[in-house]
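Residues per chain, in single letters:
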Amino acid sequence: MSLDKLKPPVGATHSKKRVGRGHGTGQGTQAGRGHKGQKSRSGYKFKRGFEGGQMPLHRRIPKRGFHNPFRIEYAVVNLDALAAKFDDGTEVTPELMRSSGLVRDARLPIKVLARGDVAKKLSVRAHKFSGKAAEKLAAAGGSAQVLEATK
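Residues numbered from 1 in each chain as written. Predicted model: local features only at pLDDT ≥ 70, side-chain atom pairs only at ≥ 80, totals over all residues. Heavy atoms only, no water.

**Some thoughts on the sheet that holds strand S2 (residues 91-92)**
Using the following cut-off: Two strands pair if DSSP finds at least two bridges between them. Helical segments are the DSSP runs of H or I of at least four residues, strand segments are the runs of E of at least two, and each set is numbered from the N terminus.
Read from one edge of the open sheet, three strands run S2-S4-S6, paired in parallel fashion. Where the open sheet ends on each side, the last strands, each with one partner, are S2 and strand S6 (143-146).

Dropping the structure here:
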């Protein structure tokens, strides 16, 4: 047995169906397209979502609400997570938060929220802080430095 002697078992392969090649083939005349109509013609293409002239589903369903095209999505970090992860006196940067696993998506700017308490003196640098989070950090003797968001 060698590689040049390999072949598939009998019945495993079959030749391609060649349509429109005469009556004897069983696929002559209409070539599997049925009788008349737009779909039987050459060059027929359908538009995505087209329902034959009936109002398509994406236009029948009512639209709700408002989509703000200028919305900025933030990766959220809470104070209790910062207090658990970092030691007293640490300068917490976005790179440090990402490397320690607090932030997963490296593309998003970071916002610090005020869940939990912080008793450690942390100097936190992030793109945004909630009012309470900045107050709690200052009360613990730390600081909240706002970074410029990069697009």
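**Quick word on the sheet that holds strand S1 (residues 75-78)**
The strands making up a sheet associate through hydrogen bonds between their backbones, and the pairing can be parallel or antiparallel. One open sheet accounts for three strands, arranged S1-S3-S5; its pairing is parallel. A strand with exactly one partner marks an edge of an open sheet, and here the two such strands are S1 and strand S5 (128-129). As paired elements, strand S3 (residues 110-113) and S5 share two bridges and run parallel to each other. Bridge pairing in S5 places Lys111 opposite Lys128.

**Notes on the nonpolar core**
What counts is decided by this rule: We define a nonpolar core as any set of buried Ala, Val, Leu, Ile, Met, Phe, Trp, Tyr and Cys residues linked to one another through side-chain atoms lying within 4.5 Å. Throughout, exposure labels follow a simple rule: accessible area from a 1.4 Å probe, protein chains only, divided by the maximum for the residue type, with under 20% read as buried, over 50% as exposed, and the rest as partly exposed.
Counting residues in each nonpolar core, the largest one holds 19 residues, and the members touching the most others are Leu79, Leu82, Met97, Val112, Leu122 and Val124. Sorting the residues of this core by element identifies S1, helix H2 (79-85), S3, strand S4 (123-126) and helix H4 (131-139) as the ones contributing at least two each. Considering each element in turn, this core owes the most residues, three residues, to H2.

**Brief notes about the environment of Leu102**
The test is simple: In this description, contact between two residues means that some pair of their heavy atoms is separated by no more than 4.5 Å.
Residue placement: Leu102 occurs in the loop between helix H3 (94-99) and S3. As a C-alpha pair, Leu102 and Val76 span 26 residues in sequence and 8.8 Å in three-dimensional space. Residues within four places of Leu102 in sequence aside, it is in contact with Val77, Ala81, Leu82, Lys85, Phe86 and Met97.

**Some words on the pattern of salt bridges**
Our working rule: In the sections that follow, a salt bridge refers to a side-chain nitrogen of Lys or Arg positioned within 4 Å of a carboxyl oxygen of Asp or Glu.
Scanning the entire structure with this criterion turns up seven salt bridges. Salt-bridge contacts for Arg107 lead to Asp105; the nearest nitrogen and oxygen are separated by 3.0 Å. Overall, Arg107 belongs to the exposed group, its relative accessible area being 71%.

**Overview of unusual backbone geometry**
One non-glycine residue with positive phi stands out, namely Ala31, at about 55 degrees. Tracing the chain through its elements places Ala31 in the segment before helix H1 (57-60). Since its relative accessible area comes to 21%, Ala31 is described here as partly exposed. Even without glycine at this site, Lys36 takes up a positive phi of about 45 degrees. Tracing the backbone through its elements, the reader meets Lys36 in the segment before H1.

**Description of the side chain of His127**
Just so we agree on the cut-off: Counted as a polar contact is a pair of N or O atoms within 3.5 Å, where, for protein atoms, one must be capable of donating a hydrogen and the other of accepting one, and residues adjacent in sequence contribute only when both atoms are in side chains.
Mapped onto the secondary structure, His127 falls in the loop between S4 and S5. For His127, a relative accessible area of 15% corresponds to the buried category. Polar side-chain contacts of His127 include one of 2.8 Å to the backbone nitrogen of Ile110.

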